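Examination of the molecular architecture
One-letter residues, chain by chain:
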Amino acid sequence: MSDMQTLRFYVTPDHDCSYLPGMKAKTLFVDPQAVITPTTYTQLSALGFRRSGGHIYRPHCDQCHACQSVRIPIDSFTPSKTQKRILKRNADLSVQRVIPTLNDETYRLYQRYINKRHRDGDMHPPSTDQFYNFLVEGGQDTGFYEFRDATGKLMCVAVTDHLVNSLSALYTFYEPDEEQRSLGANAILWQIMEGNRRQDQYLYLGYWVKACRKMSYKTAYKPLEVLIDGHWTRLMQE
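Residues numbered from 1 in each chain as written. Predicted model: local features only at pLDDT ≥ 70, side-chain atom pairs only at ≥ 80, totals over all residues. Heavy atoms only, no water.

Read across the sheet, 8 strands follow the order β8-β9-β10-β11-β12-β7-β13-β14 without closing on themselves; strand pairing throughout is mixed. Across the chains shown, the open sheet's two edge strands, defined by having one partner strand only, are β8 (94-98) and β14 (231-234). Going across the sheet, the axis of each strand differs from the next one's by a mean of 35°, ignoring polarity. With 4 bridges connecting them, strand β13 (residues 225-228) and β14 associate as antiparallel partners. Following the sheet pairing, L227 is matched in β14 by W232. Set on the sheet, helix α3 (residues 104-117) makes contact with β9 (142-148), β10 (154-162) and β11 (166-174); between it and β11 the angle comes to about 75°. (Pairing = 2+ DSSP bridges. Helix = DSSP H or I, 4+ residues; strand = E, 2+ residues; numbered from the N terminus. Axes fitted to C-alpha atoms, helices over the stretch in contact; angles between N-to-C directions. Contact = heavy atoms within 4.5 Å.)

This is the structure:
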């Protein structure tokens, strides 16, 4: 097993940035052959690393520092009036943790979500291989949290990594035709409540790019901490 002292890292060549059009990016990867313990994964998360399938990475661009890791300090979070309404609107949903797996029901929801919400992204078109490599593989303590309505219909899946003292919101996909429910926001709010129940410290939300409109939703969760020059600092929000 590898710890922070023995880990090896690899840097990619320049590639197109996924967040800022016309920009080039580099990515720092943890050795994919390393066996990452929960403790090491927690330490990497605190250093701004993120997981995608079996790969743990963080941006490593030469000049640009637009991608900033963000997390919610669970104890300090207070839902806004809008967020309280979202929770009330979805109070009829039941939540169950299941083992990450590829099955027809889950994949069909993922497929509908990508096709309707992310046709302009690099995850389109969806495929079963993409789903499996991105969300099922990884070797960490991961749960698929299934949100179902009173009829048993699968409405949302929050893919969550369990760290030693925190949670990491890896990805969420949901029924794209249920816009009035704000299912994505509800999933984040539920994970905050779950972290509070577990007495976790943080909910990691991945990267925030100020100039990327699709990431602006993350600033709705207050307080929000941002990793700047190796230090976590509370983002000044209106």
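We now examine the sheet that holds strand β1 (residues 9-11). Ordered in space as β1-β4-β6-β5, the 4 strands form an open sheet in which the pairing is antiparallel. Each edge of the open sheet carries a strand with a single partner, namely β1 and β5 (50-52). Pairwise comparison of adjacent strand axes, ignoring direction, gives a mean angle of 35° for this sheet. Where strand β4 (residues 27-30) meets strand β6 (residues 55-59), 3 bridges bridge the pair, whose relative direction is antiparallel. Among the inter-strand pairings, T27 is bridged to a residue of β6, identified as P59.

This part is about the domain arrangement of the protein chain. The domain boundaries assigned to the protein chain delineate domain 1 (9-68) and domain 2 (71-234). Of the roughly 2,200 Å² buried between domain 1 and domain 2 on both sides combined, carbon and sulfur atoms contribute 54%. Its largest share of buried area at the contact with domain 2, domain 1 owes to R50, R51 and Q68, together 37% of the area lost on that side. Counting across the interface, domain 1 meets domain 2 through 1 salt bridge. Note that R51 is salt-bridged to D161, the shortest N-O span being 2.8 Å. Across the domain 1-domain 2 interface, the total number found is 14 residue pairs in polar contact (both at pLDDT 80 or more). By residue number, the principal contributor to the side of domain 1 that touches domain 2 is helix α1 (residues 38-46), which donates 6 residues. (Domains from an automatic or database assignment. Buried area = accessible area lost by both parts, 1.4 Å probe. Salt bridge = Lys/Arg side-chain N within 4 Å of Asp/Glu carboxyl O. Polar contact = N/O pair within 3.5 Å; in protein donor to acceptor, adjacent residues only side chain to side chain.)

Here the focus is the UniProt feature "domain: N-end rule aminoacyl transferase C-terminal" (unreviewed entry) in the protein chain. Per the UniProt entry, the sites bearing "domain: N-end rule aminoacyl transferase C-terminal" (unreviewed entry) are residues 105-227 in this numbering. A distance of 37 Å separates the end C-alpha atoms of residues 105-227, which is 30% helix and 28% strand. (UniProt positions renumbered as here; feature names shortened; annotations may be inferred.)

All right, on to the UniProt feature "domain: N-end aminoacyl transferase N-terminal" (unreviewed entry) in the protein chain then. The positions that UniProt labels "domain: N-end aminoacyl transferase N-terminal" (unreviewed entry) are, in the present scheme, residues 15-85. Across residues 15-85 one finds 20% helix and 31% strand; the C-alpha atoms that close the span lie 41 Å apart.

Before going further, it helps to spend a moment on the pairing of β9. Burial analysis of β9 places 7 of its 7 residues in the buried class, which makes it a mostly covered element. Across the two faces of β9 the burial is the same, with T142, F144, E146 and R148 and G143, Y145 and F147 all buried. As paired elements, β8 and β9 share 5 bridges and run antiparallel to each other. From the neighbouring strand, V98 faces β9, where its bridge partner is F144. Inspection of the sheet shows β9 paired to β10 by 7 bridges, in the antiparallel sense. Each residue of the ladder has a partner; that of G143, found in β10, is T160. (Buried < 20%, exposed > 50% of the residue type's maximum accessible area, 1.4 Å probe, protein only.)

Here we take up the pairing of β6. Here β5 pairs with β6 via 3 bridges, running antiparallel. Along β6, the bridge assignment pairs R51 with I56.

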